[in-house]
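Fold and contact review
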Amino acid sequence: TLLQKHLESVWSQIAPRYADRSDYIIYEIMNEPTGGNASKWYKIQQEIISLIRRYDTKHSIVVSCIDWSKIPELVKLKPYKDDNLIYTFHCYEPFFFTHQGRQGDPTTERLIDVPFPYDQKRFPKLPDDLSWFREQYRTEGTVKYINSLIKKAADWAKKNNVKVFCGELGPKIWINTEDRISWIS
């Protein structure tokens, strides 16, 4: 595929260049692979791991799953046969809280002042076509829900005896500071 050819071209230059450099170097094959097919991405990523290992067996490689590196996809991933990998996930759940007010998206740009955790008293009035969000958010807009996601990643790592790393997380900077801190906590 075009993506695989591009990654091969990039990593065949980067890996030999940095193979003998600082122990602080960590490679990440690709940030947030999107779309496509999980098994196809798994095979492409395996090829790139093998390519990097031809030049460099010292440095860790960060690997990811499709669908923006979300936890539900991570826990479906069969670990690769390489002891020096770090599996990354990103946590922006619930997405409509962490990305509320984001311009250019017909849903998120109309969600403003959504509190975390869910608080019926502080919950904003929603346009009629977004009324579904309130019910979904009652469940997902909770500390329990966020902790359950993180626990899934931790349990998967423990079961498979691999390292995991949360490479990205959190609400956008323009969201109310109190609610952002509450989510991060």
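For the structure given in this document, a descriptive report is provided here. (Residues numbered from 1 in each chain as written. Predicted model: local features only at pLDDT ≥ 70, side-chain atom pairs only at ≥ 80, totals over all residues. Heavy atoms only, no water.)

In this model, the largest pocket occupies a volume close to 200 Å³. What lines the largest pocket is simply Glu32, Trp68, Lys70, His90, Cys91, Tyr92, Glu93, Phe95, His99, Arg102, Glu168 and Lys172. In terms of residue class, the lining of the largest pocket is built from four nonpolar, two polar and six charged. Looking at the second largest pocket, its volume works out to about 170 Å³. Around the second largest pocket, the lining residues are Cys91, Phe116, Val143, Ile146, Asn147, Ile150, Cys166, Leu169, Ser182, Trp183, Ile184 and Ser185. Counting only elements with at least two residues in the lining of the second largest pocket, the list comes to α7 (143–160), β4 (163–169) and α8 (177–184). For the lining of the second largest pocket, the leading source of residues is α7, giving four residues. (1 Å grid on protein atoms, 1.4 Å probe; cavity = no way out; pocket = protein on both sides within 12 Å on 5 of 7 lines; lining within 4 Å. Points joined across faces, edges and corners; volume = space filled by probe spheres on them. Nonpolar A, V, L, I, M, F, W, Y, C, P; charged D, E, K, R; others polar. Helix = DSSP H or I, 4+ residues; strand = E, 2+ residues; numbered from the N terminus.)

Bringing the packing of helix α1 (residues 2–18) against helix α2 (residues 38–55) into the picture now. Across the interface, α1 lies against α2 with an axial gap of 9 Å and an inter-helix angle of 20 degrees. By the angle class used here, α1 and α2 are roughly parallel. The element α1 and its partner α2 pack so that their crossing is right-handed. Contacts between α1 and α2 involve Leu3, Gln4, Leu7, Glu8, Trp11, Ser12, Ala15 and Pro16 on the former and, on the latter, Trp41, Ile44, Glu47, Ile48, Leu51, Ile52 and Tyr55. For the contact of α1 with α2, the per-class residue count stands at 11 nonpolar, two polar and two charged. (Axes fitted to C-alpha atoms, helices over the stretch in contact; angles between N-to-C directions. Parallel < 35°, antiparallel > 145°, perpendicular 65-115°, else oblique. Left-handed = near helix turned anticlockwise from the far one by under 90°. Contact = heavy atoms within 4.5 Å.)

So, about the sheet that holds strand β3 (residues 85–91). With parallel pairing, the four strands of this open sheet are ordered in space as β1-β2-β3-β4. Every interior strand has two partners, whereas the edge strands, β1 (26–28) and β4, have only one. Here the average twist between neighbouring strands, direction ignored, is 30 degrees. Bridge analysis of β1 against strand β2 (residues 60–63) gives three bridges, and the strand direction is parallel. Its bridge partner being in β2, Glu28 is matched across the sheet by Val62. (Pairing = 2+ DSSP bridges.)

Let us now look at the pattern of salt bridges. In total, this model carries eight salt bridges according to the counting rule given. Between Asp105 and Arg102 there is a salt bridge, and its shortest N-O distance comes to 3.3 Å. With a relative accessible area of 18%, Asp105 lands in the buried category. The salt bridge partner of Asp179 is Arg122, with a shortest N-O separation of 2.7 Å. Here Asp179, found in helix α8, pairs with Arg122, found in the loop between α5 (95–98) and α6 (132–140); they are 57 residues apart in sequence, far enough to count as distant. (Salt bridge = Lys/Arg side-chain N within 4 Å of Asp/Glu carboxyl O. Buried < 20%, exposed > 50% of the residue type's maximum accessible area, 1.4 Å probe, protein only.)

Tracing the sequence through the fold places Glu28 in strand β1. The class for Glu28 is partly exposed, based on a relative accessible area of 32%. Sequence separation of Glu28 and Trp11 is 17 residues, and the distance between their C-alpha atoms is 9.9 Å.

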